[in-house]
Amino acid sequence: MAHLVTYTYKKEDKKIPFSYRQFHHIYEAVAAEEGIDLTQYMMMEKQVEDVSKGTKSVREFRKNHFTQLGFTNVWFIKDGIED
């Protein structure tokens, strides 16, 4: 079963293939597709994860950061690529 991620970047809708072998989460995949370096972001996310008591803080941090980068409507589609 193939996986897809659909997202809007700078008002342009896009779909890309996604694999957990390559990426930890869908936001990492869309950033890679757009050529955005996440080195600094990953360090900040780790710090938020270390001080927060749950996953909600990390999810909100991630969503807000990617919204600032210009990403909206980032969704995971479980099956979608057909030959």
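Read on for an overview of the structure.

### Comments concerning the sheet that holds strand E3 (residues 71-77)
Reasoning step 1: Across the sheet, which stays open at both edges, the three strands sit in the order E2-E1-E3 with antiparallel pairing between neighbours. The open sheet has two free edges, formed respectively by strand E2 (12-17) and E3, since each of these has just one partner strand. Each neighbouring strand pair of the sheet contributes to a mean axis angle of 15°, computed without reference to strand direction.
Reasoning step 2: Sitting on the sheet, helix H1 (residues 26-33) touches strand E1 (4-9), E2 and E3, and the angle it makes with E3 is about 120°.

### What about the pattern of salt bridges?
Oppositely charged side chains can pair when the atoms bearing their charge come close.
Reasoning step 1: Counted by the stated rule, this structure contains three salt bridges.
Reasoning step 2: A salt bridge links Glu34 to Lys14; its shortest N-O distance comes to 2.8 Å. Here Lys14 lies in strand E2 and Glu34 lies in the loop between H1 and helix H2 (39-51), a separation of 20 residues in the sequence.
Reasoning step 3: What makes Lys14 partly exposed here is its relative accessible area of 23%.
Reasoning step 4: Across the salt bridge formed by Arg62 and Glu45, the nearest N and O atoms sit 2.8 Å from each other. Placement of the pair is Arg62 in helix H3 (residues 55-69) and Glu45 in helix H2, with a sequence separation of 17 residues. The pair formed by Arg62 and Glu45 is uniform in burial state, with each residue classed as buried.

Reading the values: rules and limits
Residues numbered from 1 in each chain as written. Predicted model: local features only at pLDDT ≥ 70, side-chain atom pairs only at ≥ 80, totals over all residues. Heavy atoms only, no water. Pairing = 2+ DSSP bridges. Helix = DSSP H or I, 4+ residues; strand = E, 2+ residues; numbered from the N terminus. Axes fitted to C-alpha atoms, helices over the stretch in contact; angles between N-to-C directions. Contact = heavy atoms within 4.5 Å. Salt bridge = Lys/Arg side-chain N within 4 Å of Asp/Glu carboxyl O. Buried < 20%, exposed > 50% of the residue type's maximum accessible area, 1.4 Å probe, protein only.

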